[in-house]
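# Inside the fold
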Amino acid sequence: MSKKETKYSQEACYLCGSLSIVMSKNRRAIKFKRIHKYFKCADCNGYSMFPKLNVEEINDLYSTKYIENVNPEFNSQEQITENRFLKLLEALEQFDDKEAKRFLDYGCGSSAEVVTLASKLKYQSFGVEVEESTRQKAKMESGCKIYSPEEVLVAGHRYDIIFLGDVLEHLNDPLATLNQLSALLAPEGLLIIQGPLDGALTVSNLLLSVKANALSKSPSMFPPYHVSLATKDSIAKALNINEFVIQKMLITEPIWPAPKFGSKASLASPGSLIFSIVKIFDIAISRASKGYGTRFFLLAKPVN
């Protein structure tokens, strides 16, 4: 291990704070302005990326073109958007007296779909975004107040429901953010989180590990949007550290990011075909085995 890598290994796991992390070849290094590498945690089995992204890198990553850069077809497929927030919609619809409740989407994105959704349900709806132009577009799309992470902390408001949708994996310090959100959440408030379990042990992720080892000397050029790769244990530990109690947690296996088997995209290359076939096995296992999969949805409450 080089001196540079030794320096990285002294950092702590993003998700549980453990110092027991070592550089892993199971996830490819990423070249984005500089080389970033993933380190695996011995305590929660999650992965953390070092060196951490700086402010300039974060602003470059999360411009108004973020979703389009990741998936050009994402917002053009309304059904995908609806399905993505189906469990959230079910959770929000169960509450009475919605007009009296404040809802915060932390990491709302430029399209602010969830902010708009909550507003249509009659919640007092707000959002948070990092980059200024993204906040401005989100405000125009939703008609609601969109804060920066710094502004929301000093605005002096408490929220009855806070939503983190595909956000934790993007954060340089998710433990600090969860701590800040615990201060923003009303005493009887509800924290709703959904996102990927990129570090989960699945057939697909084993395939990615084999590929990463084979290409270990060739860094990926895909931008480092996911700076931590979570497992079920790492999410539970992150919430426990910040004194949240999980009320409900569902784990599923989506087809994404593999192309659907038989589609034109799945036949584009041998790798795409293999990935789409492997995903079929993962989805079958997930349906038969509770807790297996790479996507989670949870409800949590603060410890009183």
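As a starting point, this report considers the structure included with it. (Residues numbered from 1 in each chain as written. Predicted model: local features only at pLDDT ≥ 70, side-chain atom pairs only at ≥ 80, totals over all residues. Heavy atoms only, no water.)

## A closer look at the environment of F85
What counts is decided by this rule: The numbering of helices and of strands both runs from the N terminus, where a helix is a DSSP run of H or I of at least 4 residues and a strand a run of E of at least 2. The contact criterion used is simple: two residues touch if any of their non-hydrogen atoms lie within 4.5 Å.
Within the secondary structure, F85 is located in the loop between α4 (78-84) and α5 (86-93). Residues F85 and V114 lie 29 residues apart in sequence; the distance between their C-alpha atoms is 7.9 Å. Setting aside anything within four residues of it in sequence, one finds F85 in contact with E113, V114, F163 and Q194.

## Details of α5
Filter applied, for reference: Here the term buried applies to any residue with accessible area under 20% of the maximum for its type, exposed to any over 50%, and partly exposed to those in between, with areas from a 1.4 Å probe on protein chains only. As used here, the arc is the angular range of directions from the helix axis to the C-beta atoms.
Regarding α5, the residues found buried are L88, A91 and L92. Buried residues in α5, looked at end-on, bunch into an arc of 95°, giving them a common side. Looking at the packing, one finds that the buried side of α5 touches β5 (102-106), α6 (113-120), β8 (159-165), β9 (185-196) and β12 (295-302).

## Examining the pattern of salt bridges
The criterion, for reference: Salt-bridge detection follows one rule: a side-chain nitrogen of Lys or Arg within 4 Å of a carboxyl oxygen of Asp or Glu.
Inspection of every chain in the model, using the stated rule, returns six salt bridges. Residues R34 and E57 are paired through a salt bridge, measuring 3.0 Å at the closest nitrogen-oxygen approach. Here R34, found in strand β3 (residues 34-41), pairs with E57, found in helix α2 (residues 55-61); they are 23 residues apart in sequence, far enough to count as distant. Here R34 falls in the partly exposed class, since its relative accessible area comes to 31%. Of the charged contacts in the structure, one is a salt bridge between K279 and E253, with a shortest N-O distance of 2.5 Å.

## Brief notes about the environment of G17
The topology assignment puts G17 in the loop between α1 (3-9) and β1 (21-23). Relative accessible area serves as the criterion here: at 34%, G17 is assigned to the partly exposed category. Excluding residues that lie within four positions of it along the chain, G17 makes contacts with A12 and L175.

## A closer look at helix α7 (residues 132-142)
Along α7, the residues that are buried comprise T134, R135, A138 and S142. Down the axis, α7 shows its buried residues gathered within 100° of arc, on one side only. Every exposed residue of α7 that faces more than 90 degrees away from the buried side is listed here: E132 and M140.

## Comments concerning unusual backbone geometry
The amide bond that connects F50 to the next residue, P51, takes the cis arrangement and shows omega of -5°. When you line up the elements, P51 lands in the loop between β4 (47-50) and α2. With omega at 10°, the peptide bond leading from W256 into P257 counts as cis. Looking at the element boundaries, P257 is found in the loop between β11 (244-252) and α12 (270-288). With phi around 55°, D166 is a residue other than glycine that occupies positive phi space. Of note, D166 is situated in the loop between β8 and α9 (174-184).

## What to know about the sheet that holds β5
Counted only if it meets this: Only strands that DSSP links by at least two bridges are regarded as paired with each other.
On the basis of which strands lie adjacent, the open sheet formed by seven strands has the order β7-β6-β5-β8-β9-β12-β11 and mixed pairing. Two strands close off the open sheet at either side, each with one partner strand: β7 (146-147) and β11. Across six bridges, the pairing between β9 and β12 is antiparallel. Bridged to Q194 within β12 is F297.

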